[in-house]
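Here's the letter readout for the chains.
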Amino acid sequence: MKYEIRIGFIIGILMMISVLTNAQIKVIDSLTQEPISGVNLYADNGSLLGATNIAGEVVLDSLKQEKTVNLTFQHVAYSSLMVPFSEVKTMGKIKMVSRSIKIDEVAIGDRTKTDYVVLKGYFRNLASLNNKMGYFVDGIIAYYIPLKNKKEKVRFILKEYRIFENKVATQDLADKMGTFFSYNPSVINLKNTSIAYQLPKGFRLEVDNGRRFIKQGSTNMGFVQVSNEGKGQVYLNRVAPGTVIDQRIFKIQGRQHSGVTIETYANVNLDNLTMDHLVSVVRSAVASVKKKSQAEYTPIESYDEFYVLEKEYISTDQFTEYKKQFAKSIFLKGSSDYRSTYWNDLDSYGIPALPKGIKDQLGNILKIRE
């Protein structure tokens, strides 16, 4: 009898551990109760552990193994939330509050006479190289987006920026990959239309019960939705769940495990997601690379954000005046170039704070390039 009780007790404990380990949580909007896709989960040390899927769900057992007391939930359209990990396991649902949007618009006369919209905003890029924080860059950028000529490229001017580097991580990558591969931080290469209108080959939009889903074959890869208040969101993952995209460039082999883009808009409808109503963009990529001769892949992750702070409409004549200032590359090299403490003004615009674990590395593990 004692033996049976002990066996039953052990089985019960194992079942309880299994439930906790494989617990699935869902992140939802606090008002609409709708699931939130693309919510990033960070550990105390700033490591990105994972993200919610298209259904707003994440299995805790699928997160990277990292010691952490708290989980920080962060999304481009919501206020960040920190929850003790012990509580997350039993909550089932996490509710996030939509962030307030503040965009300054420069007053104009007749908008029909304008040819470009200038979206001035804050950007930042995080890069993890072989599971170490390699780069953090942020700054102020102005995108010049054509409103009438859709074949024209988007141009941009870098106003000011900071570059932080962990030389241990970047040197480690250089030692592994040699001169065949290098990583440079960059800004988002913004296009003149929403990703909903320029889907990758083999993807399509499909209407189902009033919602628009982005599909590849029979697989849901994303969606386009607009709330009753006119808040729009486009979510797209270029890599189907449970798959990878293999690529080869000369002697380098690469694998992309995830490629998510999230766009948010204000005052739009499903048929009119225009770039002059853009609020924010997030792009994240999870990949790994190796030389052909190597047995193991080296993981590389990047996370890019852009938040609109100010909007202005200009004419072609005004656009021409800025031509000499336009950047020639999206990649950031060299030293930091800043004149103000723009990073101290982010809270007033409702921009999510940098996860504490990453912020604590600035000036320590991540050294600024001067």
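This is a predicted model, so every value here is computed, not measured.

1. Concerning the overall build of the protein
Counting its regular elements, the protein contains five helices and 20 strands. Against the compact-globule benchmark of 21 Å for 370 residues, the protein has a radius of gyration of 22 Å, which places it among compact chains. Each principal axis of the C-alpha distribution contributes one length, and for the protein these read about 90 × 50 × 40 Å. Within the protein, the fraction of its 370 residues that count as buried is 45%.

2. Section: the nonpolar core
Phe73 and Tyr122 are the most contacted members of the largest nonpolar core, which has 43 residues in total. For tyrosine 122, the residues in contact, after removing those within four places along its chain, are Phe136, Asp138, Gly139, Ile140, Glu305, Phe306, Tyr307, Leu309, Tyr342, Leu346 and Ile351. Residues Phe123, Leu129, Ala196 and Val281 belong to the second largest nonpolar core, which totals 42 residues.

3. Brief notes about the confidence of the model for the protein
When pLDDT is averaged along the protein, the result is 87, and 92% of the positions lie at 70 or above. Mean pLDDT values over the elements of the protein span from 44, in helix α1 (residues 2–21), up to 97, in strand β11 (residues 155–165). Contacts of residues 1–5 to residues separated by more than four positions or lying in other chains number zero contacts, the stretch itself having pLDDT below 50. In this model residues 9–21 is a low-confidence stretch, pLDDT under 50, and it forms four contacts with partners more than four residues away in sequence or in other chains.

4. A short note on the sheet that holds strand β2 (residues 40–42)
As summarised here, the arrangement of the four strands in space is β3-β2-β5-β6, forming an open sheet in which the pairing is antiparallel. A strand with exactly one partner marks an edge of an open sheet, and here the two such strands are β3 (48–51) and β6 (78–84). With direction set aside, neighbouring strand axes in the sheet form an average angle of 25°. The sheet contact formed by β2 and strand β5 (residues 70–75) spans three bridges and is antiparallel. Bridging across to β5, asparagine 40 finds its partner in glutamine 74.

5. Digging into the side chain of arginine 369
Mapped onto the fold, arginine 369 is located in the segment after β20 (367–368). A distance of 3.0 Å separates a polar atom in the side chain of arginine 369 from a polar atom in the side chain of glutamate 165. Those residues within four positions of arginine 369 in sequence are excluded, and the remaining contacts are Tyr135, Ile163, Glu165, Lys333, Gly334, Ser335 and Ser336.

Basis of the calculations
- Residues numbered from 1 in each chain as written.
- Predicted model: local features only at pLDDT ≥ 70, side-chain atom pairs only at ≥ 80, totals over all residues.
- Heavy atoms only, no water.
- Helix = DSSP H or I, 4+ residues; strand = E, 2+ residues; numbered from the N terminus.
- Rg over C-alpha atoms; globule rule 2.2 N^0.38 Å.
- Buried < 20%, exposed > 50% of the residue type's maximum accessible area, 1.4 Å probe, protein only.
- Core = buried A, V, L, I, M, F, W, Y, C linked by side-chain atoms within 4.5 Å.
- Contact = heavy atoms within 4.5 Å.
- pLDDT = per-residue confidence, 0-100.
- Pairing = 2+ DSSP bridges.
- Axes fitted to C-alpha atoms, helices over the stretch in contact; angles between N-to-C directions.
- Polar contact = N/O pair within 3.5 Å; in protein donor to acceptor, adjacent residues only side chain to side chain.

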